[in-house]
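# Structural characterization, general
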Protein chains: 2
Amino acid sequence: MPRADAQRNVDALLAAAKEEFVSSGVDVSVRAIAGRAGVGTATLYRHFPTRADLISAVFHREIEELLATAASLSESCEPGEALDRWVDRYIDFVATKHGLAAALHSGDPAFSGLREHFEEHVAPALQTLLDRAERAGLISPGTDALDLLGAIANLCIPPPGSNDTSRAYRMVALLLRGLRSDAARSMAERPSP
Amino acid sequence: MPRADAQRNVDALLAAAKEEFVSSGVDVSVRAIAGRAGVGTATLYRHFPTRADLISAVFHREIEELLATAASLSESCEPGEALDRWVDRYIDFVATKHGLAAALHSGDPAFSGLREHFEEHVAPALQTLLDRAERAGLISPGTDALDLLGAIANLCIPPPGSNDTSRAYRMVALLLRGLRSDAARSMAERPSP
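Residues numbered from 1 in each chain as written. Chains lettered and ligands numbered in written order. Predicted model: local features only at pLDDT ≥ 70, side-chain atom pairs only at ≥ 80, totals over all residues. Heavy atoms only, no water.

Within chain A, the regular secondary structure consists of nine helices and zero strands. Along chain A, helices and strands appear, N-terminal first, in the series α-α-α-α-α-α-α-α-α. Looking at chain A as a whole, 43% of its 193 residues are labelled buried. Considering only residue pairs separated by 6 or more positions, chain A has 65% of its internal contacts joining residues 24 or more positions apart. Looking at chain A as shown, the accessible area adds up to about 9,400 Å², and 52% of this sits on carbon and sulfur atoms. (Helix = DSSP H or I, 4+ residues; strand = E, 2+ residues; numbered from the N terminus. Buried < 20%, exposed > 50% of the residue type's maximum accessible area, 1.4 Å probe, protein only. Contact = heavy atoms within 4.5 Å. Areas by Shrake-Rupley, 256 points an atom, 1.4 Å probe, with all protein chains shown as cover.)

Counting from both sides, the interface comprises 25 residues of chain A and, opposite them, 25 residues of chain B. Across the chain A/chain B interface, buried area totals approximately 2,200 Å², and carbon plus sulfur atoms make up 59% of it. The largest per-residue losses of area from chain A upon contact with chain B belong to D147, N154 and P160 of chain A, which jointly make up 23% of the total buried on that side. Joining chain A to chain B, the criterion identifies two salt bridges. R170 of chain A serves as the salt-bridge partner of D147 of chain B, at 2.5 Å between the closest nitrogen and oxygen. There are five residue pairs in polar contact (both at pLDDT 80 or more) connecting chain A and chain B. Residue assignment for the side of chain A that touches chain B shows that the elements contributing at least two residues are α8 (145–155) and α9 (166–189) of chain A. Per element, the largest residue contribution to the side of chain A that touches chain B is 13 residues, and it comes from α9 of chain A. A class-by-class count of the residues in the side of chain A that touches chain B yields twelve nonpolar, six polar and seven charged. (Buried area = accessible area lost by both parts, 1.4 Å probe. Salt bridge = Lys/Arg side-chain N within 4 Å of Asp/Glu carboxyl O. Polar contact = N/O pair within 3.5 Å; in protein donor to acceptor, adjacent residues only side chain to side chain. Nonpolar A, V, L, I, M, F, W, Y, C, P; charged D, E, K, R; others polar.)

Time to look at the packing of aromatic side chains. Here a ring pair, both rings aromatic, is described through the centre-centre distance and the interplanar angle of the planes. Residues and elements named next belong to chain B. Here the structure, examined in full by the defined rule, presents ten aromatic pairs over all chains. Taking 5.5 Å as the distance between ring centres and 5 degrees as the angle between the ring planes, the aromatic pair formed by W86 and Y90 counts as stacked. Remark: Y90 and W86 occur in helix α5 (residues 79–96); sequence separation between them is four residues, near one turn of the helix. Of the two residues, W86 and Y90, both sit in the buried class. (Phe/Tyr/Trp six-rings, centres within 6.5 Å; stacked < 30°, edge-to-face > 60°.)

Of the two same-sequence chains, chain A is brought onto chain B (RMSD 0.1 Å, axial shift 0.1 Å) by a rotation of 180 degrees. Taken together, the rotation angle and the small translation identify this as a two-fold axis. In terms of C-alpha distance to the rotation axis, chain A has G178 of chain A as its closest residue, with the C-alpha 1.7 Å off the axis. When the interface residues of chain A are mapped onto chain B, 100% of them are again interface residues, pointing to one common binding face. (Least-squares fit on C-alpha atoms with pLDDT ≥ 70 in both.)

What follows covers the pattern of salt bridges. Residues and elements named next belong to chain A. Under the criterion given, the structure shown has 18 salt bridges over all chains. Two residues, D5 and R8, come together in a salt bridge whose shortest N-O distance is 2.9 Å. Here D5 pairs with R8, and both are found in helix α1 (residues 3–24), just three residues apart, close to one helical turn. Note on D5: relative accessible area 29%, which makes it partly exposed.

A few words on the confidence of the model for chain A. Overall, the predicted model of chain A reaches an average pLDDT of 86, with 85% of residues at or above 70. The secondary-structure element of chain A with the lowest mean pLDDT is helix α6 (residues 98–104) of chain A, recorded at 66, while helix α3 (residues 41–47) of chain A shows the highest, at 96. (pLDDT = per-residue confidence, 0-100.)

Attention now goes to the nonpolar core. Membership of the largest hydrophobic core comes to 119 residues, with the highest contact counts inside it found for F21, W86 and Y90 of chain A together with F21, W86 and Y90 of chain B. Residues within four places of Y90 of chain A in sequence aside, it is in contact with L66, F118, L149, I152 and A153 of chain A. (Core = buried A, V, L, I, M, F, W, Y, C linked by side-chain atoms within 4.5 Å.)

All told, the structure shown has zero disulfides over all chains when counted by the stated rule. Among the cysteines around C156 of chain B, which has no disulfide bond, C156 of chain A carries the closest sulfur, lying 16 Å off. (Disulfide = S-S within 2.5 Å.)

Count 3.6 residues to each turn of an α-helix, and residues three or four apart come out pointing the same way. Residues and elements named next belong to chain A. Over its 22 residues, α1 extends 31 Å from the first C-alpha to the last, a length consistent with the 32 Å expected when each residue adds 1.5 Å. Those residues of α1 that sit buried are N9, V10, L13, L14, A16, A17, E20 and F21. Once α1 finishes, G25 follows within two positions and takes phi at roughly 85 degrees, a positive value. (Expected span 1.5 Å × (residues − 1).)

All names here are of chain A. Here T143 shows up in the loop between α7 (112–135) and α8. Side-chain polar atoms of T143 contact the backbone oxygen of S140, separated by 3.5 Å. Setting aside residues no more than four positions away along its own chain, T143 makes contact with Q127, L130, L148 and L179.

Across the eleven residues that make up α8 of chain A, a large majority, ten, are buried. Taken together, the buried positions of α8 of chain A are A145, D147, L148, L149, G150, A151, I152, A153, N154 and L155 of chain A.

All names here are of chain A. Where α1 meets helix α4 (residues 51–76), the axes come as close as 10 Å, and the angle between the chain directions of the two elements is 90 degrees. Relative to α4, the element α1 lies roughly perpendicular. Contact with α1, carried on its side by Q7, D11, L14, A17, K18 and F21, involves L54, I55, A57, V58, R61, E62 and E65 of α4 and no other residues of that element. Per-class residue counts for the contact of α1 with α4 are seven nonpolar, one polar and five charged. (Axes fitted to C-alpha atoms, helices over the stretch in contact; angles between N-to-C directions. Parallel < 35°, antiparallel > 145°, perpendicular 65-115°, else oblique.)

Set out below in structure tokens:
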């Protein structure tokens, strides 16, 4: 098979797997993923011998997108807006992809490397946005990106027996207001120019 | 057995069960609980025929204490301090009694009534503290107690593979600052007397 075709299959499988994980969780059948990608299960298994390989590949791609979003928001937006928009993108990642998040936080050794990869790459990307907002006087200093990522992920856990994600957005907004409140207070104390 | 002795056994069993649940989770052996209470397992089973009965009884007592704390803080403290101190007490309840919290949120039908009992009683107690703080101009209006209880409970979930509760306290403090920030900003805009 030509290389370009193989890459096309991989792309289609990753996109299909992501959609199936979002709608049905990480335990969705391999057949459903292959069907959505328009390939046979043999092709799926050739590229991703185990379910963990596929989950891992989807996760790596999601992380790449979170990093690319952080970089582009840093270039195109004011520090406060960049932070807010990136956090929205991250909530989206956690809240809608709860099946993936469950695998990430399952403590299953098959995914322990994934969690480290996530922490090693996503935390510095958020830290860059936080540092930029701090230098602009928008947030109080000393906020730890890893703490914040964990707190936001926890706030995205829906109430028992519910799929309501609106509470997640409201409560994360409250958390971000808290992050800004000390800085806002000290700004308010400065004399007007 | 005289009634007072029976009540003494119940009290000892509830106190022992609570301590064992805190240190070992709700799956701790019945023998360990009876041993700590200084009674035989037959006595334990006479008062609490199933494990669920015992978990339920411990939970009801904990809820009574949360309600009593809310009432006494309302009488003895300023609105802001009462709110902060009650939330600290609640974090304590959730963060240290994570085994109990897991049962509460397990979706197990044996505990579904407990969750309702919790929501029906604890949410109004917190709402009273929130309304009082709102009337004092300390927090922005419209905060839902049930949302906040859920968000705080989620923030108390420790990072994967860790028992660190310090993040919970830091992140809940941020959430409470967020709750106060809008009110603080509108206070700052008022002319000084």
